[in-house]
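# Understanding the architecture of this molecule
One-letter residues, chain by chain:
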Amino acid sequence: MSVAAVSGFVGRWFALIVVAAGGIALLVPDTFAGGTVAVPYLLMVIMLGMGMTLRVSDFAIVARRPWALLIGVAAQYVVMPGLAWLLTQTLDLPAAVAAGIILVGAAPGGTASNVMVYLAKGDTALSVAMTSVSTLLAPLLTPLLVLWLAGEYLPVDAGGLFVSIVQIVVVPVVLGVVLRAVVPRVVETILPALPLISVAGITAVVVVVVAASSETILSVGFLVVVAVVLHNLLGYGVGYAIGKSSRMPTTARRAIAIEVGMQNSGLAAGLATIHFSPAAALPAAIFSVWHNVSGSLLASYWARRDPDEARGAVLSAAPVQETGR
């Protein structure tokens, strides 16, 4: 079986793989709890892979349709953090878990959303641009939003978050883009394996987080799941409504809805593990599983219903799936 075939298989069954791995970690937490030191390095590998899926031309939409991109990125950094704060105010959750939900909301988009938009017959070019721009803005906006919204729950080191995001996200992504431009043939040979690497990396992050926060899961697990599901579904709904109220074509509405609702939860889990606690990373771990399930269902629903307007531009090659989103 080829690497591409294996990658495709694990990409399709990612949610079940992570659920099974998380269950094992919950049964024998002592086996995996010590792996938290590896989380940032796993994320750096994943973000390097994300960078290698991008081309400089993917940013051309900034010049062609700046208004759509501006609305989409603004919605991503306003809607999800705002919804996270409202949920933490409504649900009686431990401080660490509440901070973790806000961190998920303040995270940038993840490239799994690009795949979902592509499958949903949405505006894939807009989706890729939103993911890329929100990722590059993350070192500034994510720490500020977490400091503002989660400061009441836990002490927030905004400077430390900034440094971590630059190290874990910006440097690997930029390096990946440079490699794609400088040695495209080498990168093209690696691309088929990236989904497999991404799934393995996110699965490892989830296993470590679940193992290290097993006591929290057993005490407030149900409430965390409720918060994560509501956060994600409300993000889809509000994102679509913003696109519709802005008179965007249906393809762009679908892109904004999915981009807003799906977050780079792998990054959120890593940052929570480094700067807060494994319990704060729990919402991100659950989000990693759930948003891939809900995103797939939404994409499947929309794929059976062609948009009224012309379909959005599709990249010359389908984007490589990455979870963590």
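Residues numbered from 1 in each chain as written. Predicted model: local features only at pLDDT ≥ 70, side-chain atom pairs only at ≥ 80, totals over all residues. Heavy atoms only, no water.

### Digging into a nonpolar patch on the surface
On the surface, Leu-136, Val-174, Val-178, Val-182, Val-183, Val-186 and Ile-190 cluster together into a nonpolar patch covering about 530 Å² of accessible area. When contributions to the nonpolar patch are tallied by element, the ones reaching two or more residues are helix 10 (158-182) and helix 11 (184-190). A total of three residues in the nonpolar patch trace back to one element, the largest contributor, which is helix 10. Relative to the helices and strands, Val-182 is located in helix 10. Residue Val-182 is classed as exposed on the basis of its relative accessible area of 60%. (Patch = residues over 30% accessible without salt bridge, like charges linked within 9 Å, V, L, I, M, F, W, Y side chains within 5 Å. Areas by Shrake-Rupley, 256 points an atom, 1.4 Å probe, with all protein chains shown as cover. Salt bridge = Lys/Arg side-chain N within 4 Å of Asp/Glu carboxyl O. Helix = DSSP H or I, 4+ residues; strand = E, 2+ residues; numbered from the N terminus. Buried < 20%, exposed > 50% of the residue type's maximum accessible area, 1.4 Å probe, protein only.)

### Thoughts on unusual backbone geometry
Peptide bonds are, in most cases, trans, and in most cases residues other than glycine have a negative phi. Phi angles above zero are rare outside glycine, and Lys-121 is one such case at about 60°. By the secondary structure assignment, Lys-121 is in the loop between helix 8 (112-119) and helix 9 (124-150). Unlike most non-glycine residues, Arg-247 shows phi in positive territory, near 60°. By secondary structure assignment, the location of Arg-247 is in the loop between helix 13 (214-245) and helix 14 (250-261). Residue Arg-247 is classed as exposed on the basis of its relative accessible area of 78%.

### Here we look at the pattern of salt bridges
This model, assessed by the stated rule, comprises one salt bridge. A salt bridge links Arg-180 to Glu-188; the nearest nitrogen and oxygen atoms lie 3.3 Å apart.

### Some words on the environment of Ala-120
Within the secondary structure, Ala-120 is located in the loop between helix 8 and helix 9. Ala-120 sits in the buried class, given a relative accessible area of 0%. Along the chain, Ala-120 and Tyr-301 lie 181 residues apart, while their C-alpha atoms are 7.5 Å from each other.

### With respect to helix 13
Each α-helix winds once per 3.6 residues, and so residues spaced three or four apart point in a common direction. Within helix 13, the axis deviates most sharply at Val-220, by approximately 80°. Arg-247 occupies a position one or two residues after helix 13 and carries a positive phi of about 60°. (Bend = angle between axes of the 7 residues up to and from the residue.)

### Quick look at the packing of helix 15 (residues 265-275) against helix 16 (residues 278-303)
Describing two packed helices takes the angle between their axes plus the distance from one axis to the other. Taken N-terminus to C-terminus, the directions of helix 15 and helix 16 make an angle of 165°; their axes are 8 Å apart at the nearest point. On the basis of their axis angle, the class for helix 15 and helix 16 is roughly antiparallel. Where helix 15 crosses over helix 16, the handedness of that crossing is left-handed. Touching Ser-265, Gly-266, Ala-268, Ala-269, Ala-272 and Thr-273 of helix 15 are Ala-280, Ala-281, Ala-284, Phe-287, Ser-288 and His-291, all from helix 16. Class assignment for the residues of the contact of helix 15 with helix 16 results in seven nonpolar, five polar and no charged. (Axes fitted to C-alpha atoms, helices over the stretch in contact; angles between N-to-C directions. Parallel < 35°, antiparallel > 145°, perpendicular 65-115°, else oblique. Left-handed = near helix turned anticlockwise from the far one by under 90°. Contact = heavy atoms within 4.5 Å. Nonpolar A, V, L, I, M, F, W, Y, C, P; charged D, E, K, R; others polar.)

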